[in-house]
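Here is how the chains run, residue by residue.
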Amino acid sequence: MELYQELTKDIRLAEGLKSCMNCGVCTAICPAAEFYDYDPRIIAGIVQSKDEKKIEELLKSDVIWYCGECMSCKTRCPRGNCPGLIIMALRSLSQRLGYFTESEKGRQQLAIKRVVGENIVNKGYCIVPETLVPEMHPELGPVGEWIYENKEEVYERVGANYNGEGVGALRKIPQESLDEISRIFELTGGFDLFEKIETFSKTKAKSMGFSDPKEIYPDYVNHIFTTNNGKHNRQ
Amino acid sequence: MKQEGKIKVWQDYQKEIADDHYFYVRSCIRQNFFPGSEQTFLKILREELNKDIYENPHHTTCSGIGYHSDVVPFETIQTIVARQFALMTEAGYQNLAVSCITSFGIYNEIIETWKEFPAELEKIRNYLKAATGREFEIPQNVAHASDIVYKFREEIYARKKYSLINQQTGKPLKIVEHIGCHYSKMFPSKGVGGAEFPYVLAGMVESWGGEVVDYPERRHCCGFGFRQYLVMSNRGYSVSNSKKKFESMEPFKPDAIVCNCPGCPMFLDRWQYVIEEMEGKTYGENGQGIPVLTYEEMAGLVLGYNPWDLGLQMHQTNCEPLFDKMGIEYDPELKYAGKDGNLIGHPSMVGCG
């Protein structure tokens, strides 16, 4: 498989990479480049070079997972490129090929799929109050904990319709609507991507010594959710 | 400069915002963290401005957080968005009012993609028809909910009870406005003032008596970064970006921060608490934090709505210092009361210092 050719099938690459002159303005404005050892200018350069070996290295690396997709680069590029969109094309291909499991940051995709991905399909929301567990979200503070422990009353107080029928904030999405979302996922490749993330991740979990007869691998998920080797940041 | 010249110079930064008859699509994050803000927006439109705004219970997430954390393919999100448009079309509406900046960016990205790649539009029409039997029209007008508040800011102020003025000094309150990256960084023409001079929140602040703080990192990201917050071991990215903004705004002594995006106020509120816990550092007056508001909360306060109806008890960083400056009357005893007036417990600690 020609990796560059595969990337060009993603229209976000056509939108994101027209002709990069490697000026580095994207890197200057990039919040990720300030925090991580990350340089969107180099990403654009590698993809534009069509160097298959370097593109494969990128797809297996932590580097493509450092971007926050804020798209600040889009505004500033004098050529109208958008490295954030190049990243999205690279991440999609990395997941299709299973390369994402080769890096610590890439492996995190399973945790995101298990929470956000499954919320979308099962609840009709990306985020739901039940998943804002204080142990996983200490940053939400004592007020977040108070909200979590008193969800029904707090949400009712401010006019939400938590898990209720009809309209309103946090209403229960009708089952027939969730069925439509599931059919959309089925037809458009959403479930196929979920399946790839699960399959490649389980293979990786086994190779890293995790085991689970139910094939859910909660210890692996906890590991990828909390592990940081401390080598990602700009020194 | 002559008036005609001014209009010509600034015409690229103007945006058409529909006047009435909106189809409302909610925000996942705003519903979880600031549900009172969505309630307030609908109340202002319906009860103060007498506008028609419709919500269909069958609309869902746009799946944007999944898309921008790369677990939802482009074709999938396009078809989910097409379904939202189909619900709008079926209900007889043409103007979309969007509660979320991530969604707003996505609606714009997808509509622009369909303009540039017509084959993609046909593909998505076929997917939606096959999956749901539905058909759709592309909205004639896509406005973020803040665009609508901005459009009617003078009408709102005409009904005011309070202003963004310090009642003790008589001076305008100093407000930091945070726009949210996906509002106009991707498609500048879709936002009021574009990416370079975003005026959607600044217009509200100035019309309601306040003064906008112009500080070096005004346009920097809050640090959400999707996967950079969603995964616990990445959250250093998120807090570091917010900290960069706090350090930059601190010398200007802001009285409050107001946000456009649903996620940004959550991060700018909660990361102040985290920074205090980690480093003992606070950025507001008297060792307190800087109050962080959504624009709906700011509008609600100006209109004299009860702060606890707005949901300001759901913030970690106390907003009471701002109430006191504005002269807002409130009952601290009812801060943690439920609908029936009885106390719903009490957070173990409030504030960030």
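Residues numbered from 1 in each chain as written. Chains lettered and ligands numbered in written order. Predicted model: local features only at pLDDT ≥ 70, side-chain atom pairs only at ≥ 80, totals over all residues.

Asker: Lay out the interface of chain B and chain A with the relevant residues and their values.
Answerer: Across the boundary between the two partners, chain B contributes 72 residues, which contact 70 residues of chain A. The biggest single contributor to the side of chain B that touches chain A is helix α5 (residues 74-90) of chain B, with 6 residues. (Contact = placed C-beta atoms within 7 Å. Helix = DSSP H or I, 4+ residues; strand = E, 2+ residues; numbered from the N terminus.)

Asker: Got a sec to walk through the pairing of strand β3 (residues 95-98) of chain B? Specific residues and values, please.
Answerer: All names here are of chain B. Residues N95 and A97 of β3 are buried on one face, and the alternating residues L96 and V98, pointing to the opposite face, are buried as well. Bridge count between strand β1 (residues 22-25) and β3: 4 bridges; the pairing is parallel. Paired with Y24 across the bridge in β3 is A97. As defined by bridge partners, β3 adjoins strand β4 (residues 141-144) across 4 bridges and the pair is classed as parallel. Considered in β4, the bridge of A97 is made with A143. (Buried ≥ 20, exposed ≤ 12 C-beta atoms within 10 Å, placed from the backbone. Pairing = 2+ DSSP bridges.)

Asker: Please give an account of the sheet that holds β3(B) that cites residues and values.
Answerer: Spatially, 4 strands are ordered β2-β1-β3-β4 (chain B) in an open sheet, and the strand pairing comes out parallel. The sheet terminates laterally at β2 (53-54) and β4 of chain B, the two strands that pair on one side only.

Asker: Give a description of helix α7 (residues 118-132) of chain B that names residues and reports values.
Answerer: An ideal rise of 1.5 Å per residue puts 21 Å on 15 residues; α7(B) measures up with 21 Å between its terminal C-alpha atoms. Buried residues in α7(B) make contact with α13 (175-188) of chain A together with α5 of chain B. Downstream of α7(B) by a residue or two, B:G133 has a phi angle that is positive, lying close to 80 degrees. (Expected span 1.5 Å × (residues − 1).)

Asker: Mind laying out the domain arrangement of chain A, listing which residues take part and the relevant values?
Answerer: Residue and element names in this part refer to chain A. By the assigned domains, chain A splits into domain 1 (3-99) and domain 2 (106-226). Just the C-alpha atoms count here: the centres of domain 1 and domain 2 sit 28 Å apart. On the domain 2 side, the residues contacting the 6 residues of domain 1 number 6 residues. Partitioning the side of domain 1 that touches domain 2 into residue classes produces 1 nonpolar, 3 polar and 2 charged. (Domains from an automatic or database assignment. Nonpolar A, V, L, I, M, F, W, Y, C, P; charged D, E, K, R; others polar.)

Asker: Give me the lowdown on the domain arrangement of chain B, citing residues and values where you can.
Answerer: Residue and element names in this part refer to chain B. Parsing chain B into structural domains produces domain 1 (17-145) and domain 2 (153-334). The straight-line distance from the C-alpha centre of domain 1 to that of domain 2 is 25 Å. Taken together, the elements giving at least two residues each to the side of domain 1 that touches domain 2 come down to α2 (28-33), α3 (35-48), α4 (64-68) and α6 (101-116). Of the residues contributing to the side of domain 1 that touches domain 2, the split by class is 11 nonpolar, 10 polar and 4 charged.

Asker: Pulling in residues and values, what's your account of the nonpolar core?
Answerer: General note: in soluble globular proteins, nonpolar side chains tend to be found buried as a group. With 182 residues, the main nonpolar core has A:I86, B:V81, B:A97, B:V98, B:I175, B:V205 and B:V258 as its most contacted residues. Among the elements that line this core, the one with the most residues is α5(B), at 9 residues. Apart from the residues within four sequence positions on either side, B:A97 is in contact with B:Y22, B:F23, B:Y24, B:I53, B:A143, B:A145 and B:I148. (Core = buried A, V, L, I, M, F, W, Y, C linked by C-beta atoms within 7 Å.)

Asker: Just give me the short version of helix α10 (residues 109-123) of chain A, but keep the residues and values in it.
Answerer: Since the α-helix packs 3.6 residues into each turn, any two residues three or four apart lie on the same face. All names here are of chain A. For α10, which comprises 15 residues, the first-to-last C-alpha distance of 20 Å matches the rise-based estimate of 21 Å (1.5 Å per residue) to within 8%. Helix geometry: α10 is bent most strongly at G117, by close to 25 degrees. With 12 of 15 residues buried, α10 lies mostly within the body of the structure. For α10, every residue scored as buried is listed here: Q109, L110, A111, I112, K113, R114, V115, V116, G117, N119, I120 and K123. One or two residues past the end of α10 sits G124, with phi positive at roughly 85 degrees. (Bend = angle between axes of the 7 residues up to and from the residue.)

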